[in-house]
Amino acid sequence: MEISREIYWNVGHGVGTLLPMYLLTFAAIAVLASAFMRRIKVYKQGQPVDRLDQLPIRITNLAKNVLLQSKVTLVKGPGLVHGLFFWGFFLLFLGTCLIVIQADFTDLLFGVKFLEGNFYLFFSVVLDLAGLVALVMLGSLFVRRYFVRPDGLETIKDDAIIHGLLFAILISGFVIEGARMAVTEMGTSLAFWSPVGLVFAKGMAGLGEEHLRSLHRLTWWFHLLLVMAFIVLIPFTKLRHIFTTSLNYLFEDLGPTGKLVSIDMEDEEAESFGAAAITDLTWKDIFDADACTQCKRCQDRCPAYNTDKPLSPMKIVNQIGEVAFENPKANLIETCDKDAIWACTTCLACQDICPASIEHVKKIIDMRRNMVLMEGEFPGEEVMTAMEQTEVNGNPLGLGYASRGDWAEEIGIKPLSEDPDVDILYFVGCYASFDKRNIKIAKSFVSLCQAAGIKVGILGKEEKCCGEPMRKMGNEYLYQSLALENVELIKGYNVKKVVTTCPHCFSTLAKDYQDLGLEIEVESYTVFLEDLLKTGKLKVNAEELHCTYHDSCYLGRHNDIYDAPRSLIKAAGGQITEMDKNRAEAFCCSAGGGRIMAEEKLGDRINIQRVKMAVETGAPTLLSNCPFCLTMFEDGVKGANVEDKLNTKDIAEVLAERLI
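A brief look at the structure comes next.

Next up on the list: the overall build of the chain. If you tally the helices and strands in the chain, you get 27 helices and eight strands. With an accessible surface of roughly 28500 Å², the chain has 57% of that area assigned to carbon and sulfur atoms. Separation of charge centres in the chain, based on 66 positive and 84 negative side chains, amounts to 4 Å.

A few words on a negative patch on the surface. A surface patch of negative charge is lined by Asp 264, Glu 266, Asp 267, Glu 268 and Glu 269. In this fold, Asp 267 is placed in the loop between α8 (241–251) and α9 (283–291).

This paragraph deals with the sheet that holds strand β2 (residues 456–457). With parallel pairing, the four strands of this open sheet are ordered in space as β2-β1-β3-β4. Every other strand in the sheet has two partners, leaving β2 and β4 (521–524) as the edge strands with one partner each. In the sheet, strand β1 (residues 424–427) pairs with strand β3 (residues 497–500) via three bridges, with the strands oriented parallel. Residue pairing in the sheet places Tyr 426 in a bridge with Val 499 of β3. The strands touched by helix α19 (residues 436–451) are β1, β2 and β3; relative to β1, the strand with the most contacts, the crossing angle is about 170 degrees.

In terms of burial, strand β5 (residues 545–549) is largely enclosed, as four of its five residues are buried. Taken together, the three bridges between β5 and strand β6 (residues 574–576) define a ladder with parallel strand orientation. In the strand pairing of β6, Leu 545 is matched with Gly 574. In this view, the connection linking β5 to its parallel neighbour β6 by way of helix α24 (residues 563–571) has right-handed handedness. Bridge count for β5 against strand β7 (residues 621–624) is three bridges, and the pairing is parallel. Residue pairing in the sheet places Tyr 549 in a bridge with Leu 623 of β7.

Right, let's talk about the side chain of Thr 106 for a bit. Within the secondary structure, Thr 106 sits in helix α3 (residues 76–110). Every residue in contact with Thr 106, bar those within four places of it in the chain, is listed here: Ile 101, Gly 111, Val 112 and Phe 114.

On β3, burial covers both faces: Lys 497 and Val 499 on one face and Val 498 and Thr 500 on the other are all buried. Handedness of the β-α-β unit built from β3, helix α22 (residues 503–510) and β4 comes out right-handed.

Cis geometry is adopted by the peptide bond preceding Pro 256, which originates at Gly 255 and carries an omega value of 0 degrees. Relative to the helices and strands, Pro 256 is located in the loop between α8 and α9. In this model, Gln 69 sits at a positive phi of 55 degrees, which is unusual for a non-glycine residue. In this fold, Gln 69 is placed in the loop between α2 (55–67) and α3. Judged by its relative accessible area of 5%, Gln 69 is buried. Located in the positive-phi region is Leu 348, a residue other than glycine, with phi close to 70 degrees. Position of Leu 348 among the secondary structure elements: in the loop between α13 (338–343) and α14 (349–353).

In this section: the packing of helix α1 (residues 15–43) against α9. Packing of α1 against α9 brings their axes to within 8 Å, and their N-to-C directions diverge by 135 degrees. Considered as vectors, α1 and α9 are oriented oblique to each other. Residue-level contacts link Arg 39, Val 42 and Tyr 43 of α1 to Trp 283, Ile 286, Phe 287 and Asp 290 of α9. Each residue belonging to the contact of α1 with α9 can be placed in one class, and the counts come to five nonpolar, no polar and two charged.

In space, the four strands of this open sheet follow the order β6-β5-β7-β8, with parallel pairing throughout. A single partner strand is all that each edge strand has here, and the edge strands are β6 and β8 (647–650). Neighbour-to-neighbour, the strand axes of the sheet open up by a mean angle of 40 degrees, direction not taken into account.

This next bit is on the pattern of salt bridges. A complete count under the given rule lists 42 salt bridges for this structure. Between Arg 51 and Glu 359 there is a salt bridge whose closest N-O contact spans 2.9 Å. Of this pair, Arg 51 sits in the loop between α1 and α2 while Glu 359 sits in the loop between α14 and α15 (360–375), placing them 308 residues apart in sequence. A relative accessible area of 6% means that Glu 359 is categorised as buried.

Moving on, we get to the packing of helix α23 (residues 525–534) against α24. In a pair of packed helices, the angle between the axes and the distance between the axes together describe the arrangement. Remark: α23 packs on α24, axes separated minimally by 8 Å, with the N-to-C direction vectors making an angle of 50 degrees. With respect to α24, the element α23 is oriented oblique. Handedness of the α23/α24 crossing: left-handed. Of α24, the residues touching α23 (which contributes Thr 526, Val 527, Leu 529, Glu 530 and Leu 533) are Ala 564, Pro 565, Ser 567, Leu 568 and Ala 571.

Glancing now at the packing of aromatic side chains. Enumeration according to the criterion identifies 23 aromatic pairs in this entry. A centroid spacing of 6.2 Å and a plane angle of 80 degrees characterise the contact between Trp 407 and Tyr 426, whose relative ring orientation is edge-to-face. Here Tyr 426 lies in strand β1 and Trp 407 lies in helix α17 (residues 406–409), a separation of 19 residues in the sequence. The class of Trp 407 is buried, set by a relative accessible area of 4%. Geometrically, the ring pair formed by Tyr 479 and Tyr 513 is tilted, given 6.4 Å between the ring centres and 50 degrees between the ring planes. Of this pair, Tyr 479 sits in helix α21 (residues 476–492) while Tyr 513 sits in the loop between α22 and β4; the two residues are 34 residues apart in sequence, bridging distant segments of the chain. For the pair formed by Tyr 479 and Tyr 513, the shared burial category is buried. Following the ring pairs from residue to residue traces out a cluster consisting of Tyr 43, Phe 251, Trp 283, Phe 287 and Phe 325. In this arrangement the basic side chain of Arg 39 is found over the ring face of Phe 325, its NZ or CZ atom lying 4.2 Å from the centre.

So, on to a nonpolar patch on the surface. Together, Ile 101, Phe 105, Leu 108, Leu 109, Phe 110 and Val 112 make up an exposed nonpolar region whose accessible area comes to about 620 Å². Checked against the element boundaries, Leu 108 lands in helix α3.

Further remarks concern helix α6 (residues 195–204). Where α6 is concerned, the buried positions are Val 196, Gly 197, Leu 198, Ala 201 and Met 204. Buried-residue contacts for α6 involve α4 (117–146), α5 (157–184) and α7 (209–233).

Disulfide: a covalent bond formed between the sulfur atoms of two cysteine residues. In this structure the tally under the stated criterion is zero disulfides. The cysteine Cys 354 is free of any disulfide, with Cys 295 supplying the nearest cysteine sulfur at 6.3 Å. For Cys 354, a relative accessible area of 6% corresponds to the buried category. No disulfide involves Cys 629; its nearest neighbouring cysteine sulfur is the one of Cys 589, lying 3.7 Å away. On the accessibility criterion, Cys 629 (3% relative accessible area) is buried.

Rules behind the numbers
Residues numbered from 1 in each chain as written. Predicted model: local features only at pLDDT ≥ 70, side-chain atom pairs only at ≥ 80, totals over all residues. Heavy atoms only, no water. Helix = DSSP H or I, 4+ residues; strand = E, 2+ residues; numbered from the N terminus. Areas by Shrake-Rupley, 256 points an atom, 1.4 Å probe, with all protein chains shown as cover. Lys, Arg positive; Asp, Glu negative; His and termini not counted. Charge placed at Lys NZ, Arg CZ, Asp CG, Glu CD. Patch = residues over 30% accessible without salt bridge, like charges linked within 9 Å, V, L, I, M, F, W, Y side chains within 5 Å. Salt bridge = Lys/Arg side-chain N within 4 Å of Asp/Glu carboxyl O. Pairing = 2+ DSSP bridges. Contact = heavy atoms within 4.5 Å. Axes fitted to C-alpha atoms, helices over the stretch in contact; angles between N-to-C directions. Buried < 20%, exposed > 50% of the residue type's maximum accessible area, 1.4 Å probe, protein only. Right-handed = clockwise from strand over helix to strand, strands pointing away. Parallel < 35°, antiparallel > 145°, perpendicular 65-115°, else oblique. Nonpolar A, V, L, I, M, F, W, Y, C, P; charged D, E, K, R; others polar. Left-handed = near helix turned anticlockwise from the far one by under 90°. Phe/Tyr/Trp six-rings, centres within 6.5 Å; stacked < 30°, edge-to-face > 60°. Lys NZ or Arg CZ within 6 Å of the ring centre and 35° of its normal. Disulfide = S-S within 2.5 Å.

The following block contains the structure:
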């Protein structure tokens, strides 16, 4: 027997079938295109931004994330289910395309058939199993949404429409196949290559050929109408993410991760700074709202949301979309809620896990910029005081700038103004310069460098705060003032390399200062010390230490440095018991986003939550690599009343204790 099948069996391949089929298809595509053109006009309310540079990289990202579902499957449960559904449905789409190509083009015009022989057998079994997988996965997603719905997963009318339509498309497809097979393939070996269709065929075999043909013809046209309805509904429902999420992989920020766009503070034509209206954002910010699938992954990861604060990154993005499409004159800040905007710690947990490449943090910072620069508004008086102290003394702690380098005198470290011939400039930061607890970390780091034969210099009283907390809190003007002074100072000393013990300083100097002309190599002390250990310049004793380790947001998610700190801990003899939330999934300490300057007044304290996670490991020591984290953890240990169970240290302290 011929190893193939008649395409358009029972419905005919003449004008009576093809004309209405293609008219409906073109009409549906026209509706889809017209609706998206109207949405594009809404996107254009935003400011221009170039997201088509480095096109080969962008196209690669799109292909990888769409075809492999790389970001979607990061969350193994629902992510894998969605991925399997996508692959099943995508194979069905490809199969349909192959059928149309053969029947209406290659065979019709050139007499060329390729859906036959062994390829047809492979084609049949793959599409049958793809349809089954898609149906089962769709059922799993339906159960998750309507019967075992996780907290925070919002269900709207769109979801019911989409599930119902997809179920109808898949089941009607199997009914069509079963009716055809019951008439043409029952009792043949060919039927076994369509195992799901064979089950349907056996179930309908008793209807008789006349009824089977009628059922097949009626279901075929019904199936076609369902597919047309699916196409038409795409721009009007959450189905639009088929296009918008896919395109967002093309438009995603290529980095550096977490870097903010600098505002031209000298622009005399600028009427305002930051974002209070939808037109203040970029077109990409509005497009993000259309790309959002409301999967709530960002919300699940957000430390503010998980400690009962009013911030949900998902809601912020969708509220921006509501303003753009429904009320473009509305005030963004009032719509999104000020408390929610101030609650963000800029930890990037939301963006790191987002399967749609949405940029949540930038939007929040832009709204903060407007509140601070245009309204002079801060989340509390303590933040305003810290800003004022920074303007006067170059640090938010309110201590005299002249004493910034006092800690270094007793260990023989001179400022560059006295001795500029050094191997590295240690950019100390405010906490390691003034805070007694963090000064110990600075001294430990210097002792490690001295033991390795590295000559260290500091800026001393000339150093100013890097400006990162001020910038993340929205005060771009103060940030740039501080940063420009630091940049000119560092460049003036012809420094070879800058090393920091603060991830916030590191991230700012390495990325943001580039916009201001700093092109010097900047390293985190964890990477710097790891290299000294590997090259044998630094030697430490491996003494047993049972500990857990906290990945700071600005070293981890912001800079993808996870292995170097662990390598240092292990070299010192540390045995790490990881917290459940570690590496890219690490929980924030609460101090990022300028929150180090602010009191935590709403919900539960984030630092206490993180300390409790550390206690659960059973390890007596919590190690960190950030002065902000260490400060918050020492406070959290007291707040959680676990002083007898947990002590906190910086990695540099542990290494310094074990110097040979």
